[in-house]
Amino acid sequence: MRLSSDQMYQYERDGFLVLENLFSVAEVEALRAAFEADARVPGPQRVLEDGSDRVRAVYASHERRPEFAELIRTPRLLGPVRALLSESVYLYQMKINAKPPFGGDKWGWHQDYLAWQLADQLPAPKLINVTVLLDEATEFNGPLIMVPGSHADGLLREDRADDHRSEQHLDPDDIALGQEELAALAAKHGFHSIKAPAGSVVFFHPEIVHGSAPNMSPFPRRLFIATYNATDNVPLTPNPRPRYLVGRDVTPLEPLEAAR
Ligand code: SIN
Ligand code: MN
């Protein structure tokens, strides 16, 4: 899996890159089934929607399910990650945002790196997010919305809300950007919503401004997100967050050999 120079340039310019249909229907079905099984496992790795027993997000499925352990090492993801970020990367975080039908809540406008700088004392934004769409993303089911080029503006906020939702996992609402900032960003960069078939992949920068609306449609919007960090950029905090939130194994990941 090699990116063209055009694709590399797009990522640098826009802060994200979409590759459609990297995974087959059968592969996506297997991932969905693995997720649904993992979403039934109780524990702190499972975050529920406010006031509901429906699953909002599940962390670290790769520690419980072989399908996700394999996915984070597939050359289809790791090849571009190594080309765009560094040859030497490890898994910083893995989560699946479920955004269930009829009520999956929004993800406020934010920049990921601020969360990791505040919570983990991560020295630099030397990371990349890789999402695999487990459902088709449409205008109806709360697709991810990017502010193209905003990664080049650097961090636009410095702190975390005093009344944050959780000590451990950082909800985007805790670090959300203000309305005036968003209006200025929209005027400067515009918006781009990621609408693509299930099995498509989006690579995105840790400083790009992004968010997504609630899902009031009858369709789920399950999104797998793996965050890879450069191995020379480990967290400095003396009080690391739990392992399901922040990976501790900094051994460089090797792509699986078979054509997967
Ligand atoms: C979303 O699932 O729409 C937001 C993802 C994220 O910011 O991590
Ligand atoms: Mn995010």
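The structure this text deals with has already been given above.
Since this is a predicted model, take the numbers as computed values, not measurements. (Residues numbered from 1 in each chain as written. Chains lettered and ligands numbered in written order. Predicted model: local features only at pLDDT ≥ 70, side-chain atom pairs only at ≥ 80, totals over all residues. Heavy atoms only, no water.)

Draft legend 1. Representation of the overall build of the protein in the model. Counting its secondary structure elements, the protein contains six helices and 11 strands. The C-alpha extent of the protein, read off along each of the three principal axes, is 50 × 40 × 40 Å. Of the contacts formed within the protein by residues at least 6 apart in sequence, a portion of 84% connects residues at least 24 apart. When the accessible area of the protein is evaluated, it comes to approximately 11,700 Å², of which 52% is carbon and sulfur surface. (Helix = DSSP H or I, 4+ residues; strand = E, 2+ residues; numbered from the N terminus. Contact = heavy atoms within 4.5 Å. Areas by Shrake-Rupley, 256 points an atom, 1.4 Å probe, with all protein chains shown as cover.)

Draft legend 2. Structural context of the site of ligand 1. Lining the immediate environment of ligand 1, one finds Lys 95, Asn 97, Trp 107, His 110, Leu 144, His 210, Ser 212, Arg 221, Leu 223 and Ile 225. Side-chain polar atom of Lys 95 to an oxygen atom of ligand 1: 2.9 Å apart, as the coordinates give it. Asn 97 has a polar side-chain atom sitting 2.8 Å from an oxygen atom of ligand 1. When isolated, ligand 1 has an accessible area of 260 Å², and the protein chains bury 99% of it. Residues of the shell around ligand 1, tallied by class, amount to four nonpolar, four polar and two charged. (Near = heavy atom within 4 Å. Polar contact = N/O pair within 3.5 Å; in protein donor to acceptor, adjacent residues only side chain to side chain. Nonpolar A, V, L, I, M, F, W, Y, C, P; charged D, E, K, R; others polar.)

Draft legend 3. Examining the packing of aromatic side chains more closely. For the coordinates displayed, the defined rule picks out four aromatic pairs. Look at Tyr 92 and Trp 116: their rings are 5.5 Å apart centre to centre, the planes differ by 75°, and that puts the pair in the edge-to-face class. Of this pair, Tyr 92 sits in strand 4 (residues 89–97) while Trp 116 sits in helix 5 (residues 112–120), and the two are 24 residues apart along the sequence. The buried category is assigned to Tyr 92, whose relative accessible area is 1%. (Phe/Tyr/Trp six-rings, centres within 6.5 Å; stacked < 30°, edge-to-face > 60°. Buried < 20%, exposed > 50% of the residue type's maximum accessible area, 1.4 Å probe, protein only.)

Draft legend 4. Molecular detail of the sheet that holds strand 6 (residues 127–133). Reading across from one edge, 1-9-6-11-4-3-2 is the order of the seven strands in this open sheet, with antiparallel pairing throughout. Only two strands of the sheet have a single partner each, and these edge strands are strand 1 (16–19) and strand 2 (46–48). On average, each strand axis in the sheet is tilted by 15° relative to the strand beside it, whichever way the strands run. The pairing of strand 6 with strand 11 (residues 223–230) spans seven bridges and is classified as antiparallel. In the strand pairing of strand 11, Val 132 is matched with Phe 224. Where helix 1 (residues 5–14) meets the sheet, its contacts fall on strand 1, strand 6 and strand 9 (201–204), and the angle it forms with strand 1 comes to roughly 140°. This element, helix 4 (residues 75–84), spans strand 4, strand 6, strand 9 and strand 11 of the sheet and lies at about 25° to strand 9. (Pairing = 2+ DSSP bridges. Axes fitted to C-alpha atoms, helices over the stretch in contact; angles between N-to-C directions.)

Draft legend 5. Region of the structure containing the nonpolar core. Phe 68, Leu 77, Phe 203, Phe 224 and Tyr 228 are the most contacted members of the largest nonpolar core, which has 35 residues in total. Counting residues in each nonpolar core, the second largest holds 19 residues, with Tyr 90, Tyr 92, Trp 116 and Ile 175 among its members. (Core = buried A, V, L, I, M, F, W, Y, C linked by side-chain atoms within 4.5 Å.)

Draft legend 6. Fine view of the coordination of the manganese ion (ligand 2). The manganese ion (ligand 2) binds to the protein through His 110 (NE2), Asp 112 (OD) and His 210 (NE2), with metal-donor distances spanning 2.1 to 2.2 Å. Every donor residue of the manganese ion (ligand 2) comes from the same chain, spaced as H-x1-D-x97-H. Taken together, the residues span a long stretch of sequence, with His 110 in strand 5 (residues 107–110) and His 210 in strand 10 (residues 210–212) at a distance of 100 residues. Each member of the pair, His 110 together with His 210, is buried. (Donors = N, O, S within 2.8 Å, 3.2 Å for Na, K, Ca; no water.)

Draft legend 7. How the structure looks around the environment of Arg 32. Assignment of secondary structure puts Arg 32 in helix 2 (residues 25–38). Here the alpha-carbon distance between Arg 32 and Asp 163, two residues 131 residues apart in the chain, equals 34 Å. Non-local contacts of Arg 32, meaning those with residues more than four positions away in its chain, are made with Leu 134, Asp 135, Ala 198 and Arg 222.

Draft legend 8. Representation of unusual backbone geometry within the structure. Even without a glycine there, the phi angle at Ala 60 is positive, about 60°. Structurally, Ala 60 is set in the loop between strand 3 (55–59) and helix 3 (66–71). In this structure Ala 60 comes out as buried when scored by relative accessible area, which is 1%. Backbone geometry at Phe 102 places phi at a positive 50°, although glycine is not the residue there.

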